[in-house]
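Architecture at a glance
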Amino acid sequence: DANGDGIADSLQPSVATLPGGDGYVMAVVTGGGCPGFASVTSVAAPPPGDDPGYRYPAGRVALHLSCGVPGATANVDLVFFGAQQAVQANSVTIRGYGPNLPAFGQDVYFALPASFGNVTLPGTGVVTAVHLTLTDGALGDRTPVDGTIDALVGPAIPLPVATPVPAVSPAWLVLLALAVGALGMRRRASRQR
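Reading the values: rules and limits
Residues numbered from 1 in each chain as written. Predicted model: local features only at pLDDT ≥ 70, side-chain atom pairs only at ≥ 80, totals over all residues. Heavy atoms only, no water. Helix = DSSP H or I, 4+ residues; strand = E, 2+ residues; numbered from the N terminus. Buried < 20%, exposed > 50% of the residue type's maximum accessible area, 1.4 Å probe, protein only. Contact = heavy atoms within 4.5 Å. Areas by Shrake-Rupley, 256 points an atom, 1.4 Å probe, with all protein chains shown as cover. Salt bridge = Lys/Arg side-chain N within 4 Å of Asp/Glu carboxyl O. Core = buried A, V, L, I, M, F, W, Y, C linked by side-chain atoms within 4.5 Å. pLDDT = per-residue confidence, 0-100.

**Things to note about the overall build of the protein**
- Helices and strands together make up the secondary structure of the protein, namely 2 helices and 11 strands.
- Traced from its N-terminal end to its C-terminal end, the protein shows the element sequence β-β-β-β-β-β-α-β-β-β-β-β-α.
- Here the protein holds 193 residues, and the buried ones make up 39% of them.
- Considering only contacts within the protein whose residues lie at least 6 apart along the sequence, 60% involve residues at least 24 apart.
- Looking at the protein as shown, the accessible area adds up to about 10,700 Å², and 60% of this sits on carbon and sulfur atoms.

**What about the pattern of salt bridges?**
- Enumeration over the complete set of coordinates arrives at 2 salt bridges.
- Here Asp51 and Arg95 are joined by a salt bridge, their closest N and O atoms 2.8 Å apart. Here Arg95 lies in strand 7 (residues 93-99) and Asp51 lies in the loop between strand 3 (37-43) and strand 4 (54-55), a separation of 44 residues in the sequence.
- On the basis of relative accessible area, Asp51 is assigned to the buried category, the value being 5%.
- By relative accessible area, which is 9% here, Arg95 ends up buried.
- Between Asp107 and Arg142 there is a salt bridge; the shortest N-O distance is 3.0 Å. Of the two residues, Asp107 sits in strand 8 (residues 107-111) while Arg142 sits in the loop between strand 10 (125-135) and strand 11 (148-158), which places them 35 residues apart along the sequence.

**Side note on the environment of Ala2**
- By the secondary structure assignment, Ala2 is in the segment before strand 1 (15-20).
- Through-space distance from the C-alpha of Ala2 to that of Met26 is 6.8 Å; in sequence the pair is 24 residues apart.
- For Ala2, the residues in contact, after removing those within four places along its chain, are Asp9, Thr17, Tyr24, Met26 and Leu121.

**Details of the nonpolar core**
- If you look at the biggest cluster of nonpolar residues, it comprises 27 residues, and the most contacted ones within it are Phe37, Leu63, Leu65, Leu78, Leu132, Leu134 and Val153.
- Contributions of two or more residues to this core are made by strand 1, strand 2 (23-32), strand 3, strand 5 (60-66), strand 6 (73-81), strand 10 and strand 11.
- With 4 residues, strand 6 is the single largest residue contributor to this core.
- Residues within four places of Leu78 in sequence aside, it is in contact with Met26, Ala27, Leu63, Thr128, Ala129, Val130, Leu132 and Val153.
- Ranked by size, the runner-up nonpolar core spans 9 residues in total, among them Ala2, Val15, Val28 and Phe81.

**Some words on the confidence of the model for the protein**
- With 78% of its residues at a pLDDT of at least 70, the protein reaches an overall mean of 83.
- Confidence, read as mean pLDDT per element, is least for helix 1 (residues 84-88) in the protein (63) and greatest for strand 5 (95).

Shown next as structure tokens:
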């Protein structure tokens, strides 16, 4: 009962709780035209280099919603317990993985529009939730308009970008070596006096 409503999550089609990342993940359908989840699965973070420039501290979640009506929209809240600090960070973004729309070609990583807000859960207190709006056949859905929404999403933190060190020309290196040598000779001469 991760949402603290007194009903086991397994008895509610609109709530799913499962292990994920360093803790567990709770997914809740909060509105829209899809009544609940057909399935929710925890998916490991992509291997380094698969989504260059990002790390996934809580892994990812595969959401499958049966909407029944083509083109329906679902509002979904995700709470990543065990990764709350990472999800609260200002630099976190929600990344999806799926077909390159509108042609539904090769799968790519992309930023998914999301908002963050605090929710109070009985017995747990205040936690940060990710608010997503997913639409059948739109960005975030892995299938064309078909009455279902299949999304693979996760909170991602951008990795710091390495700053290139400016190259030094050989002429400057020779001048630097001469300057260091002259300074050393001057110190040696002052010690001998």
